[in-house]
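Each chain, letter by letter, is given below.
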Amino acid sequence: MNRMPVIVVGVFLTFLSSWIGLVAYPYFALGRFTPFTAEDTGDINPPPLSGLAVMGQRAYASSGCVYCHSQQVRQVGYGSDLERGWGSRPTVARDYMRQNPVFLGTMRTGPDLANIGARQPSSMWHHQHLYQPTVVSPGSIMPSYRYLYRTQKIEGQKSANAIDLLPPDAPADGYEVVPTYEAEALVAYLLSLNRNYPLPEAPEPPQ
Amino acid sequence: MIDDPHQEPHPDTFEANRESDELNVRDVHGAILREKDDPRDGYEPIPLWMVSFFMALVFWGGAYLAFNSGGFESTVFNPAQVSWAGGGGAAKAAPDPKVVGKRLFTANCVACHQATGLGVAGQFPPLVGSEWVLGEDGHGDNHLVQILLHGLQGPVKVKGTSYNGAMPAWKQLKDDQIASILTYIRSEWGNNDPPITAEQVAKIREETVAQTEPNTQTLLQAIPPVQFEEVVVPAAPAKDNTPPPAAPAPATAPGA
Amino acid sequence: MSMTFDHPVTTPELDKAERARIDESTRIPVLLFYGSAVFWLLIGTLFALLASFKMNAPHFLDQWGWLTFGRVRPAHLNAVAYGWAAPAGIGTALWLMARLCRVPLRHSRLLICAAIFWNIGILLGIFGILSGDGRSIEWLEFPNYASFMLFVAFGLIAVWAVIMFRFRQPGHVYVSQWYLLAAFLWFPWLYSTANILLNFEPIQGGAQGAVNWWYGHNALGLWFTPIGLAAAYYLIPKVLGRPIHSYYLSILGFWSLALFYSWNGMHHLIGGPFPAWLVSASVVASVMMFIPVITTAINHHMTVRGNFHALKWSPTLRFTVFGAMCYTLSSVQGIFMAIPSLNKVTHFTHYTVGHAHLGLYAFFTMIMFGSMYYILPRVVGWEWPSARLIRWHFWLSAIGIGVMVVALTIGGILQGLALLDPGVTFMASLDYTKPWLLLRSGSGILLTGAHIVFAVSFTLLILKTGKRRSGPTLFGTDQGRQPEALVP
């Protein structure tokens, strides 16, 4: 193989085959979805994200949550995700059409979050968990995200969105812990993570 | 043998692209002097066993692809899926409310009430044998539905033990989903109470549509308890979407 | 059974003075890339230590957002992958290309510009990630302002590579040149496509995962692997003075790698939200990787066979053969990990992290060390000052990576089995990993030591410290023992 054109053409063609299969095909088959409208209820699935939740995606990316948490409920036979209650059905490609970027994840140092909005619908729980994970999750090795919160002096009465904390994590007397905009956005995004709606290509698995 | 560094190399041997001045090979490039020749290729043939093994691999690959490709459809995500009968359609037409209820319970409720229904001591009350679930001791089925719809917080007493938590509202779930969860918890872990239907949930939802605050034990105790009339829910899976026969309207005072 | 392809053309041997001139011409670009690589190796190792300690003690330095685990971990990956591994590979490739094309390196200004752009890009990218601009797309975390710099730098390098190859000396084209040319053509296509479709003009979410892992796996298989193999294919026969066992195996290995490796990407997404046939295609392609891997392993092994004693003396050979063996090991491990019944145990666990380090460190980085031990004396005009430092480097690296891979493999399997069993709580699966993560931190300290030793060695070499040596720095030469009559 001494001639440059042979090498270049071969290198080009082999690579092109994978480009067609793993880039072009996914773009056409999985990258141009429209949402599904359920005829009886009129629900649009997947539902659109609120503006705050869209900003929350950036907060999720900024803090690197994907390096410990996945967001995919695996197919039947590929894991025990369903039995763990991480979703009512496996996730399919259309579930991610509104996510940008997509945080499928490759590590489960922490549990899967594809349906965390359904499992933990309380924003206070999320704020407590982000501020100090061991408060609501003893034994966790998740670090504290208190850099997303502000400890401030209570002016008059407690702020409406101040977080409930018990000692030793509670602030000093006269102080309260309040989420920053980024924390509010992140929690709004987490609460939006709920793929338990039906889609025609995602049948409920058999019992 | 050391080349004379001052001798001009033959111009045909390589391009004259000189950026450096005099070359002092001995001083600067002693390593090169002892180098062996650049690598060259040997021409041993490819062993026969290797060729056979690789052809067997290709054959296996083709077979695997044929059997695990879900018909090469972009909507088939599980290679085993093609063998499920009648897979598609809105998943609402689930055969057995208890099965759906179990799945929804596992997805939404076990974080607090646990898969065993026993809750967590001091934090989350149990559902097993709970008078709230079974409609005993002054608790009504209507209270149970209302708890699912609007949540429950503040001090409560369950099976003689006090709890003080905050159960969130689940009104975002559909009527039939709430009904199936309640049906499940009323028939599991030794609990044995009649099922609850979507219509019964819908009625309570309509009656309490103006409620924005979560329930408290005091608030619920102000509402007279109602035991729903038992409705026969077909045990066999219904192939069509017709709902079970409508339950007779429960005799209940208007909600708070 | 033999299969002949084209008739090899006899190659005129390079005159020693020509070789010297070629080495001289590569000096500045190679030193620039190697110097950057060693710098970022130290930075990347520091981030690795931080990330590993944070998994043992989550409250360690958790007050600040810029040191949170979710930023330190991608900072580590990008610093070692794009800051150490890629420049080390490029430096090695430059020298190899020049020697094998048998012409002095031309247009070195292109390469100097590229090195500068590259380093600016890495700097901007790492700062970007730590300050919260990271994209959290694995292997593509750099914000756009940084990845653009890398792409420009790489464009310059690719242009250089094509020109270099085009104006080579006529004659036999050696296997290393195929791998290097291919790598330099594949990578810009990979990098630009992935960044455009995921970062600059993102496509809809459902398709992003496929493009992400098409890129991620191919960065390993079509960029790092070819460079590592090119180096091994050159250094092993060169140091030993023996021919590569079989030209036909080289051809088979190259084309089967080109065809199958690029389809592997979806094996990172088995069980995930992708069409079954696409995932199955990747599983098949992954298993087909037995072909290039066995081919290359036999080719290398038969070349060394009977000469393993040379590993006692030659640093180059020791690092390179270690690396080549770990190529086979990590590739075979990867093939088995791609089989769905095993994948459902290892996916999402630390097993995958161990595998990644087996590939990128035990294979690629060790071969890069071997290459640097060979190339640098020729480019600097000075021998390595201390064989003792080289010995420390080797053993700290080898033991460090061995302990790391074993710890993460065992911890990962325990974690995976626990995750598979719905009766085991999630927290229990985490508890299984904790002692192994502690062991991993210990191994990280060994690797940090190795890199510091290497950086010291490198600096002493560049500064031409110590007495001028008349022979190569082989293991054992510090004690005055006479090495066998081997090349360095």
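Things to note about the overall build of chain C
Of regular secondary structure, chain C possesses 14 helices and 0 strands. Reading the helices (α) and strands (β) of chain C from amino to carboxyl end gives α-α-α-α-α-α-α-α-α-α-α-α-α-α. Expected size for 488 residues packed as a compact globule is a radius of gyration near 23 Å; at 22 Å, chain C falls within 12% of this value. Summarising its shape, the C-alpha atoms of chain C cover approximately 70 × 50 × 45 Å along the three principal directions. Burial status across chain C gives 64% buried among its 488 residues. Long-range pairs, those at least 24 residues apart, make up 84% of the contacts in chain C between residues at least 6 apart in sequence.

Some words on the pairing of strand 4 (residues 175-179) of chain A
Residue and element names in this part refer to chain A. Across the 5 residues of strand 4, 4 count as buried, placing the element largely inside the fold. Where strand 3 (residues 149-153) and strand 4 come together, 5 bridges link them in antiparallel fashion. Considered in strand 4, the bridge of Gln152 is made with Glu176.

Considering the domain arrangement of chain A
By the assigned domains, chain A splits into domain 1 (1-32) and domain 2 (36-191). Measuring from the centre of the C-alpha atoms in domain 1 of chain A to the corresponding centre in domain 2 of chain A gives 39 Å.

Some thoughts on the environment of Gly134 of chain C
Tracing the backbone through its elements, the reader meets Gly134 of chain C in the loop between helix 3 (108-130) and helix 4 (144-166). Judged by local crowding, Gly134 of chain C falls into the buried class, with 27 C-beta atoms found within 10 Å. Gly134 of chain C sits 297 residues away from Asp431 of chain C along the chain, and the two C-alpha atoms are 29 Å apart. Gly134 of chain C has contacts with Ala61, Ser62 and Gly64 of chain A together with Arg71, Pro74, Gly128, Ile129 and Glu141 of chain C, leaving out every residue within four places of it along the chain.

Examining helix 5 (residues 175-200) of chain C
Every α-helix carries 3.6 residues per turn, so stepping three or four residues along brings you back to the same face. Along its 26 residues, helix 5 of chain C runs 36 Å from first to last C-alpha, staying within 8% of the 38 Å computed at 1.5 Å per residue. Most of helix 5 of chain C is tucked away: 19 of the 26 residues are buried.

Points about the packing of helix 1 (residues 16-56) of chain C against helix 2 (residues 69-101) of chain C
All names here are of chain C. Between helix 1 and helix 2, the least distance of the axes is 7 Å, while the angle of their chain directions is 160°. By the angle between their directions, the pair helix 1 and helix 2 is classed as roughly antiparallel. Crossing hand, helix 1 versus helix 2: left-handed. When grouped by side-chain class, the residues that make up the contact of helix 1 with helix 2 number 25 nonpolar, 7 polar and 3 charged.

The rules behind each value
- Residues numbered from 1 in each chain as written.
- Chains lettered and ligands numbered in written order.
- Predicted model: local features only at pLDDT ≥ 70, side-chain atom pairs only at ≥ 80, totals over all residues.
- Helix = DSSP H or I, 4+ residues; strand = E, 2+ residues; numbered from the N terminus.
- Rg over C-alpha atoms; globule rule 2.2 N^0.38 Å.
- Buried ≥ 20, exposed ≤ 12 C-beta atoms within 10 Å, placed from the backbone.
- Contact = placed C-beta atoms within 7 Å.
- Pairing = 2+ DSSP bridges.
- Domains from an automatic or database assignment.
- Expected span 1.5 Å × (residues − 1).
- Axes fitted to C-alpha atoms, helices over the stretch in contact; angles between N-to-C directions.
- Parallel < 35°, antiparallel > 145°, perpendicular 65-115°, else oblique.
- Left-handed = near helix turned anticlockwise from the far one by under 90°.
- Nonpolar A, V, L, I, M, F, W, Y, C, P; charged D, E, K, R; others polar.

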